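Here's the letter readout for the chains.
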Amino acid sequence: MDLFGRDEPADGIALFVDGPNMLRDEFDVDLDDIREATAAKDRLATARLYVDEHATPGLIQAAEARGFEVIVTSGDVDVKLSVDATRFATEGRAETLAIASRDTDFKPVLEVANSYGLSTLAIAPASHGRSDALRNAATESLTLDEGESE
């Protein structure tokens, strides 16, 4: 029995994507890039894309077609994503918690996941959009434009 009272340990990666920070024209990143980079490491336990109310129906439809659960918030996506990812970590619902963002606001989420024994992965859109704070808080990091992990 594991720390969370389950007979079978959780496995896979829980992927949380900060849409407004990742899907910018300046980065030329799409959802397939994020999903493929993550899935190359392990199977996806969940893949969630967080967007605000300004997201286009086309983006939502494309994300759903690629297997993402789309979470639409009425304001800043940071709070909802942080709460959901932290809950996933504290409930032990995956072996690895991955945050795709360039926003340092997610550093505490990675720290909580680490403290619960999860592996963590910080995914940055590009080297010029990378958060060193996220990269340093995670057990592993990946920069999409470089195709490398550390």
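Right above here is the structure, for reference.
1. Notes on the pairing of strand β1 (residues 13-18)
Logical step 1: Most of β1 sits out of view: six of its six residues are buried.
Logical step 2: Here β1 shows two buried faces, one formed by Ile13, Leu15 and Val17 and the other by Ala14, Phe16 and Asp18.
Logical step 3: Bridge analysis of β1 against strand β4 (residues 96-100) gives five bridges, and the strand direction is parallel. Bridged to leucine 15 within β4 is alanine 98.

2. Thoughts on the side chain of serine 82
Logical step 1: As for its position among the elements, serine 82 is in helix α4 (residues 77-90).
Logical step 2: A distance of 2.8 Å separates a polar atom in the side chain of serine 82 from the backbone oxygen of aspartate 78.
Logical step 3: Excluding residues that lie within four positions of it along the chain, serine 82 makes contacts with Phe106 and Val109.

3. Describing unusual backbone geometry
Logical step 1: Although it is not a glycine, aspartate 28 adopts a positive phi angle of roughly 55 degrees.
Logical step 2: Along the chain, the position of aspartate 28 falls in the loop between α1 (19-22) and α2 (31-39).

4. What to know about the pattern of salt bridges
Logical step 1: A complete count under the given rule lists ten salt bridges for this structure.
Logical step 2: A salt bridge links arginine 24 to glutamate 26; the nearest nitrogen and oxygen atoms lie 3.6 Å apart.
Logical step 3: On the accessibility criterion, glutamate 26 (49% relative accessible area) is partly exposed.
Logical step 4: The partner of glutamate 111 in a salt bridge is lysine 107, with the nearest N and O atoms 2.6 Å apart. Within this pair, glutamate 111 and its partner lysine 107 are both found in helix α5 (residues 107-115), separated by four residues, close to a single helical turn.
Logical step 5: Taking relative accessible area as the criterion, glutamate 111 reaches 36% and is therefore assigned partly exposed.

5. A look at the nonpolar core
Logical step 1: Core analysis: the largest hydrophobic core is formed by 24 residues, its most contacted members being Leu15, Val17, Ile34, Phe68, Ile123 and Leu144.
Logical step 2: Elements with a minimum of two residues in this core: β1, α2, β2 (44-52), β4 and β5 (119-124).
Logical step 3: Looking at this core, the element that brings in the most residues is β2, giving four residues.
Logical step 4: The contact partners of isoleucine 34, leaving out residues within four places of it in the chain, are Leu15, Val17, Met22, Leu23, Val29, Ala100 and Leu144.

The rules behind the values
- Residues numbered from 1 in each chain as written.
- Predicted model: local features only at pLDDT ≥ 70, side-chain atom pairs only at ≥ 80, totals over all residues.
- Heavy atoms only, no water.
- Buried < 20%, exposed > 50% of the residue type's maximum accessible area, 1.4 Å probe, protein only.
- Helix = DSSP H or I, 4+ residues; strand = E, 2+ residues; numbered from the N terminus.
- Pairing = 2+ DSSP bridges.
- Polar contact = N/O pair within 3.5 Å; in protein donor to acceptor, adjacent residues only side chain to side chain.
- Contact = heavy atoms within 4.5 Å.
- Salt bridge = Lys/Arg side-chain N within 4 Å of Asp/Glu carboxyl O.
- Core = buried A, V, L, I, M, F, W, Y, C linked by side-chain atoms within 4.5 Å.

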